[in-house]
Every structure is written in C-alpha cells, then in structure tokens.
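# Structural overview
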Amino acid sequence: MKQRYLPALTLALLCSLAVLAGCGKQDGKSAVTANAANAANTEYVVGADGAYAPFASENEQKELVGFDVEIMKAVADKAGIKIKIVNTPFDGLFNALAQGDRDILISTITINDQRRQTMDFSEPYFVAKQLIVLPSNSKVAKFEDLKSMKIGVQSATTADEAAQNLVGKNSPSVKRFESMPLAFQELEGGGVDAVVGDNGVVTNFVKNNPGKNFRIVNDPGFPKEYYGIAVKKGNAELLAKLNHGLEQIKADGTQDRIYKKYFADEKI
C-alpha cells in the first residue's frame, strides 16, 4: 500500500500554526503579567486648585501643599496607587476630568446631585459650610441682608450657586472670580460689599490678614456641605481604591492628625 505524503507547503503551514498556537498560550500569560505590571506602575494625575489655602497652595518651590494635598497623598499611599498632583484652576477642573486630562480631583469639591450626574465621588473627607466675609464696619448680620449688595464669589462654586439663588441667576450683583484671593482683593478695594466662601478658606484668610479689618458672619441658614474626591463617571475600580484609602486613614488616625495641623482643634 502506498504511503500518502502531505504536500510540503501544507505541512509547513500546519507546523507554523502549531508554533503560533503554542506561542499564543505563552503570550497570554505574558499579557496578564504585563497588564499587572502596567497597573502597578500607573500614575494617576490629580487636579487641585492651588489658589485655595489652606487646602492647596503653592510654596516657594512651586509645589502644591495643604490639607487636600496631604489627604490625597495619604489616601494614595494606603490605596497603593501612584499619583501626580497638578495645579488646576477650579473653573477648569470638571472639564479636565471629563476630557481625561485628570484622573482624580481633590479640591474642596462639594458632593451634590448635579455633580453626581457627570462624576463619581468618594466617601466624604471634610464637612464644610459657607461663611460671609465683610468689612469690619458692615452692618450685615445674615445672608439675606446681601440681596441689595454686590457679592463676590469664586466661579462655579457652591457659594456661586447660593448667591444666584439669593439675587437671581443672571443678576449683575454677583461678581465671579477665578480664585478666592482675587475675590478678597476686590472686597478690600470696595468692588464688592461681601465675599461668600467655604469656611476653611475664609477663616484661614481672615486669621492671616488681620490688617485688612475683615469680619466673618456665620449664618446658620447655610447647610452643611461634604467634600469628596471625584473620579470620572463609571470608574468604579479607582473609586473603590480611593474609598479603601480613605477608610484606612480614618481608622489609623492619619486624617485626624492632618486635620488638626490645619484646623487646630476643630472637630471633623
């Protein structure tokens, strides 16, 4: 009986396919290893507004320092992720996240339903409220008294929303600024009658600028606000890591230590 031989070309093709199949298995293992290595080496870009002391501001070396910065670094350490914190003006933060230029945001961002539509938030890491800053001779006693006055706020903040609710969305009485220092500067120059802003920033500024003769009004009508760390909508994996880190720094006292460093003996 004659032996049948496969044509040389067919035999060569089959051998090549066998080799590729074998390589494919090895490549799959390599891919898993490579993906794990890439995940471990991923550096997440964090956006923070550097004109918002004591939460974030630039030191002489142009490095960001402050409460938010230290909280973010501590969370990242516990979460086992690498981060790079980049100074990002507040009014550009949310677009930077949406466009993928920033992976994480930490910049005294109040958690609210409107923002939840376009981003996801960690558990809260700070409790805040709005305060009113006025010249020391001002007769204003509550937020309602500002209805007929010019109000300075930082653009796109909850203070901006509160002012709009008080005097109208398109009212010229609301003057918006890129940063709180600019709003305070306008108040000092008489361009606005009052500035509304987050308690941590307001108390820090007034305390460190006694010569400006400002005073603070604490209106109990302002609700409590809760700051959260933001990630792009749907990024559940990164959000879980951040929440794990937050849980750890709360449990081991790191958050309390950082808080007391910037806000004396106030309670979180």
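Everything below is about the structure printed above this text.
The structure reproduced in this document is the subject of the present report.

Across the sheet, 3 strands lie side by side as E2-E3-E4; this open sheet has antiparallel pairing. The open sheet has two free edges, formed respectively by strand E2 (51-52) and strand E4 (64-65), since each of these has just one partner strand. In this structure, E2 lies alongside strand E3 (residues 56-58), joined through 2 bridges in antiparallel fashion. Bridge pairing in E3 links Tyr52 to Ala56.

A word on the pattern of salt bridges. Two side chains of opposite charge can pair, provided their charged atoms sit close to one another. The tally for this structure, following the rule as stated, stands at 11 salt bridges. Among the ionic pairs, Asp120 bridges to Lys233, the shortest N-O distance being 3.3 Å. With Asp120 in strand E7 (residues 119-121) and Lys233 in the loop between strand E15 (230-232) and helix H8 (236-251), the pair connects residues that are 113 residues apart, well separated along the chain. The exposure class of Asp120 is buried, given its relative accessible area of 18%. Residue Lys142 pairs with Asp145 through a salt bridge whose shortest N-O separation is 3.1 Å. A relative accessible area of 41% means that Lys142 is categorised as partly exposed.

Bringing the sheet that holds strand E9 (residues 130-135) into the picture now. Pairing is mixed across the open sheet formed by 5 strands, whose spatial order is E11-E10-E12-E9-E13. The open sheet has two edge strands, strand E11 (174-177) and strand E13 (214-217), and neither has a second partner. Shown here is a sheet whose adjacent strand axes are inclined to one another by a mean of 30 degrees, direction ignored. Bridge count for E9 against E13 is 4 bridges, and the pairing is antiparallel. By the bridge assignment for E13, Val133 is matched with Ile216. Taken strand by strand, helix H6 (residues 180-188) contacts E9, strand E10 (151-154), E11, strand E12 (194-198) and E13, and its axis lies near 155 degrees from that of E12.

In this structure, Pro54 follows Ala53 across a cis peptide bond, with omega equal to 10 degrees. Within the element layout of this structure, Pro54 appears in the loop between E2 and E3. Positive phi, close to 70 degrees, is recorded for Ala156, a residue that is not glycine. Relative to the helices and strands, Ala156 is located in the loop between E10 and helix H5 (158-167). If you check the backbone angles, Asn213 has positive phi at about 55 degrees while not being a glycine. Accessibility expressed as a relative area gives 49% for Asn213, which makes it partly exposed.

A few words now on the packing of aromatic side chains. Overall, the coordinates contain 19 aromatic pairs when judged by the stated rule. Here the aromatic rings of Phe90 and Phe94 are separated by 5.7 Å at their centres, their planes lie at 70 degrees, and the arrangement is edge-to-face. Here Phe90 pairs with Phe94, and both are found in helix H3 (residues 90-98), just 4 residues apart, close to one helical turn. Exposure remark for Phe90: the relative accessible area of 5% places this residue in the buried category. A centroid spacing of 5.0 Å and a plane angle of 45 degrees characterise the contact between Tyr259 and Phe263, whose relative ring orientation is tilted. One end of the pair is Tyr259 and the other is Phe263, both in helix H9 (residues 254-263) and 4 residues apart, which spans about a single turn. Per residue, the accessibility class of Tyr259 equals that of Phe263, and both read buried. Chaining the aromatic ring pairs together yields one cluster made of Tyr52, Phe55, Phe67, Tyr125, Phe126, Tyr227, Tyr259, Tyr262 and Phe263.

We now examine the side chain of Ser138. By secondary structure assignment, the location of Ser138 is in the loop between E9 and E10. A polar atom in the side chain of Ser138 sits 3.3 Å from the backbone nitrogen of Val140.

What follows is about H3. Of the residues making up H3, those classed as buried are Phe90, Leu93, Ala96 and Leu97. Taken around the axis of H3, the buried residues stretch over an arc of 95 degrees, which confines them to a single face. Along its buried surface, H3 packs onto strand E1 (43-48), strand E6 (104-105), helix H4 (113-116), E7, E10 and E15. Positive backbone phi, approximately 85 degrees, marks Gly100, located one or two places after H3.

Right, let's get into helix H2 (residues 67-79). Along its 13 residues, H2 runs 18 Å from first to last C-alpha, staying within 8% of the 18 Å computed at 1.5 Å per residue. Considered for burial, the residues of H2 that qualify are Phe67, Asp68, Val69, Ile71, Met72, Ala74, Val75, Ala76 and Ala79.

What counts and how
Residues numbered from 1 in each chain as written. Predicted model: local features only at pLDDT ≥ 70, side-chain atom pairs only at ≥ 80, totals over all residues. Heavy atoms only, no water. Pairing = 2+ DSSP bridges. Helix = DSSP H or I, 4+ residues; strand = E, 2+ residues; numbered from the N terminus. Salt bridge = Lys/Arg side-chain N within 4 Å of Asp/Glu carboxyl O. Buried < 20%, exposed > 50% of the residue type's maximum accessible area, 1.4 Å probe, protein only. Axes fitted to C-alpha atoms, helices over the stretch in contact; angles between N-to-C directions. Contact = heavy atoms within 4.5 Å. Phe/Tyr/Trp six-rings, centres within 6.5 Å; stacked < 30°, edge-to-face > 60°. Polar contact = N/O pair within 3.5 Å; in protein donor to acceptor, adjacent residues only side chain to side chain. Arc of directions from axis to C-beta. Expected span 1.5 Å × (residues − 1).

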